[in-house]
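So you can see what is in the structure, the chains are spelled out below.
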Amino acid sequence: PAAKPDMARLLAEARTGGYISFKKLTPVEVKRLEARTVADPADSDARIRLVVHYSGSKVPSAHESFLKHRLWLVENQPEIGEKEMFLGQFAHFKNDSPQYLALKAAWLKQVEKNVADVAIRTNAFDFIKLYDRPLAASIAADGAKLDPDNYELPLMVQKMYASAPSDVTVETESQRLDRHRN
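None of these values were measured; they are calculated from a predicted model.

Which parts of the structure should I look at to understand the overall build of the chain?
Counting its regular elements, the chain contains 10 helices and 2 strands. When the helices and strands of the chain are read in sequence order from the N terminus, they spell out α-β-β-α-α-α-α-α-α-α-α-α. Going through the 182 residues of the chain one by one, you find that 42% of them count as buried. When contacts within the chain are restricted to residue pairs at least 6 apart in sequence, long-range pairs at least 24 apart make up 62% of them. Carbon and sulfur atoms provide 57% of the accessible area of the chain, an area that totals close to 10,600 Å².

Honestly, the packing of aromatic side chains in this entry has me stumped. Any pointers?
For any pair of aromatic rings, the description consists of the separation of the ring centres together with the inter-plane angle of the planes. For the structure shown, the criterion picks out 3 aromatic pairs. Summarising the aromatic geometry, the rings of Tyr-100 and Phe-127 are spaced 5.8 Å apart at their centres and angled 25° between planes, so their arrangement reads as stacked. Separated by 27 residues along the polypeptide, Tyr-100 in helix 6 (residues 98-113) and Phe-127 in helix 7 (residues 118-128) bring together distant segments of the chain. For the pair Tyr-100 and Phe-127, a shared accessibility class is recorded, and that class is buried. Each ring, one from Tyr-100 and one from Tyr-131, has its centre 4.3 Å from the other, and the planes form 40°; the classification is tilted. Residue Tyr-100 is found in helix 6, and its partner Tyr-131 is found in the loop between helix 7 and helix 8 (133-146); the two are separated by 31 residues along the sequence. Under the relative-accessibility criterion, Tyr-131 is labelled buried at 12%. By the ring-pair criterion, three or more aromatic residues cluster together here, those being Tyr-100, Phe-127 and Tyr-131.

What should I look at first to understand the pattern of salt bridges in this one?
Note on pairing: side chains with opposite charge can pair once their charged atoms come close. Within the structure shown, the criterion is met by 7 salt bridges. Residue Arg-49 is joined to Asp-45 by a salt bridge in which the shortest nitrogen-to-oxygen separation is 3.3 Å. One end of the pair is Arg-49 and the other is Asp-45, both in helix 3 (residues 44-55) and 4 residues apart, which spans about a single turn. When sorted by exposure, Arg-49 lands in the same class as Asp-45, which is buried.

Help me understand the nonpolar core in this model?
One recurring pattern in soluble globular proteins: nonpolar side chains tend to sit buried together. Within the largest apolar cluster, 38 residues are counted, with the highest numbers of intra-cluster contacts made by Leu-73, Met-85, Leu-103, Trp-107, Phe-125 and Phe-127. Of all the secondary structure elements, the ones that give two or more residues to this core are helix 2 (27-39), helix 3, helix 4 (60-76), helix 6, helix 7, helix 8 and helix 9 (152-163). For this core, the leading source of residues is helix 4, giving 7 residues.

Would you mind showing me how to read the side chain of Thr-37 here?
As for its placement among the helices and strands, Thr-37 is situated in helix 2. With relative accessibility at 6%, the residue Thr-37 sits in the buried group. In terms of polar contacts, Thr-37 uses its side chain to reach the backbone carbonyl oxygen of Glu-34, at 2.7 Å. Those residues within four positions of Thr-37 in sequence are excluded, and the remaining contacts are Asp-43, Ala-46, Arg-47, Leu-50 and His-69.

Analysis parameters
- Residues numbered from 1 in each chain as written.
- Predicted model: local features only at pLDDT ≥ 70, side-chain atom pairs only at ≥ 80, totals over all residues.
- Heavy atoms only, no water.
- Helix = DSSP H or I, 4+ residues; strand = E, 2+ residues; numbered from the N terminus.
- Buried < 20%, exposed > 50% of the residue type's maximum accessible area, 1.4 Å probe, protein only.
- Contact = heavy atoms within 4.5 Å.
- Areas by Shrake-Rupley, 256 points an atom, 1.4 Å probe, with all protein chains shown as cover.
- Phe/Tyr/Trp six-rings, centres within 6.5 Å; stacked < 30°, edge-to-face > 60°.
- Salt bridge = Lys/Arg side-chain N within 4 Å of Asp/Glu carboxyl O.
- Core = buried A, V, L, I, M, F, W, Y, C linked by side-chain atoms within 4.5 Å.
- Polar contact = N/O pair within 3.5 Å; in protein donor to acceptor, adjacent residues only side chain to side chain.

What follows is the structure in structure tokens.
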């Protein structure tokens, strides 16, 4: 298994402005961190720094590098979610972008592989909810069925819909009854 990064240390040294903002990496530092991941593929500390660095770039090669390192983290350390790297300031993609589709598939595979792991399910939910609320809600609902005493999963779904209700429609009682009749 891959070595776990010291998340407490990473977060403590990186907090500024509400999101992780490691000091701006120079090209030499980026090369050094990339070399570290080649020498030690399990160097998640270097991968996290690179993901954060590449996440703000508009350069296509940076998107490829971001995806390579983020996919590795999802596949090898799925307990490290978007929140841990971006403190709620998630990297955003278009719904049909190759980056989104690859990361979505990787998260769904992790959920399937680690069915009862609430932390991994939560990380998948946090990523997918930005793009596909019904799918995210089903990830949480399936987890709640496995662990009915866990209140966190249903609460996540409630918060998701409460935080951005623009696509939620309120159904009247008569509309609900009409819908069930048909």
